[in-house]
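# Observations on the model geometry
Chain residues, written in single-letter form:
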Amino acid sequence: MSYLAVALAGADTPGEHLQLAAFTAAVAAGALWTGLRQRRTGRTLTDDIFVRMGLTQRRTGRAHGASTEPMRIGDFAREPEPPSRARRGLGCAWMVFGGIFLLPAVFNTAAAIRELLR
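Quick caveat: nothing in here was measured; it's all calculated off a predicted structure. (Residues numbered from 1 in each chain as written. Predicted model: local features only at pLDDT ≥ 70, side-chain atom pairs only at ≥ 80, totals over all residues. Heavy atoms only, no water.)

## A look at the overall build of the protein
Along its length, the protein carries 4 helices and 2 strands. Counting helices and strands in the order they occur from the N terminus, the protein gives α-α-α-β-β-α. Counting all 118 residues of the protein, 25% fall into the buried class. Sequence-distant contacts in the protein: of pairs separated by 6 or more residues, those separated by 24 or more amount to 58%. With the model as given, the accessible surface of the protein reaches about 8,300 Å², and the carbon-plus-sulfur share is 65%. (Helix = DSSP H or I, 4+ residues; strand = E, 2+ residues; numbered from the N terminus. Buried < 20%, exposed > 50% of the residue type's maximum accessible area, 1.4 Å probe, protein only. Contact = heavy atoms within 4.5 Å. Areas by Shrake-Rupley, 256 points an atom, 1.4 Å probe, with all protein chains shown as cover.)

## Quick notes on the environment of A110
Tracing the chain through its elements places A110 in helix α4 (residues 85-117). Judged by relative accessible area, A110 falls into the partly exposed class, the value being 44%. When the C-alpha atoms of A110 and P14 are compared, they prove to be 9.8 Å apart, with 96 residues separating the residues in sequence.

## With respect to helix α2 (residues 14-41)
Along an α-helix, a turn takes 3.6 residues, which lines up residues three or four apart on a common side. Here α2 is 28 residues long and its end C-alpha atoms lie 40 Å apart, about the 40 Å a rise of 1.5 Å per residue gives. Every buried residue of α2 is listed here: H17, A21, T24, A28, A31, T34, G35, R37, Q38 and T41. Downstream of α2 by one or two residues, G42 has phi in the positive range, about 85 degrees. (Expected span 1.5 Å × (residues − 1).)

## A word on the environment of A31
For A31, the position within the fold is in helix α2. What makes A31 buried here is its relative accessible area of 2%. Each C-alpha atom, one on A31 and one on G91, is 9.2 Å from the other, the two residues being 60 residues apart in sequence. When sequence neighbours within four positions are dropped, the list of residues in contact with A31 reads W94, M95, F97 and G98.

## Comments concerning a nonpolar patch on the surface
A cluster of nonpolar side chains, namely L90, W94 and F97, defines an oily patch on the protein surface of about 260 Å² accessible area. Tracing the sequence through the fold places W94 in helix α4. On the basis of relative accessibility, which here comes to 32%, the residue W94 falls in the partly exposed class. (Patch = residues over 30% accessible without salt bridge, like charges linked within 9 Å, V, L, I, M, F, W, Y side chains within 5 Å. Salt bridge = Lys/Arg side-chain N within 4 Å of Asp/Glu carboxyl O.)

## Examining the packing of α2 against α4
Two numbers describe how α2 lies on α4: the axes approach to 7 Å, and their chain directions differ by 160 degrees. When the axes of α2 and α4 are compared, the pair comes out roughly antiparallel. For α2 against α4, the interelement crossing comes out left-handed. Grouping the amino acids of the contact of α2 with α4 by side-chain chemistry returns 22 nonpolar, 10 polar and 4 charged. (Axes fitted to C-alpha atoms, helices over the stretch in contact; angles between N-to-C directions. Parallel < 35°, antiparallel > 145°, perpendicular 65-115°, else oblique. Left-handed = near helix turned anticlockwise from the far one by under 90°. Nonpolar A, V, L, I, M, F, W, Y, C, P; charged D, E, K, R; others polar.)

Read these as geometric descriptors, not functional statements.
Below you can see the structure in the form of structure tokens.
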């Protein structure tokens, strides 16, 4: 089965297998990181980037995800709101997407090792 998957990818040499493995592992790591972050904090990948660039106003609450730090109001510290159920679900979807990309990385690494041992 793994031979068929590697043949469909079009890799012939161990170097090509390792390049495909590195690419799919990088995509998997990015998707897994995004999913874990969104599940934990409720913030998407672009929330902080747009806020730093001044393209949007920072709003607290469930819509854009609150920061993980307590917000100080006078002498009181207010805990951030937990991420919404939809944000946690979307984080799980990112993690599944990352897992799908992790599998070809493992297959391509195994195929490269197999080619090198021949």
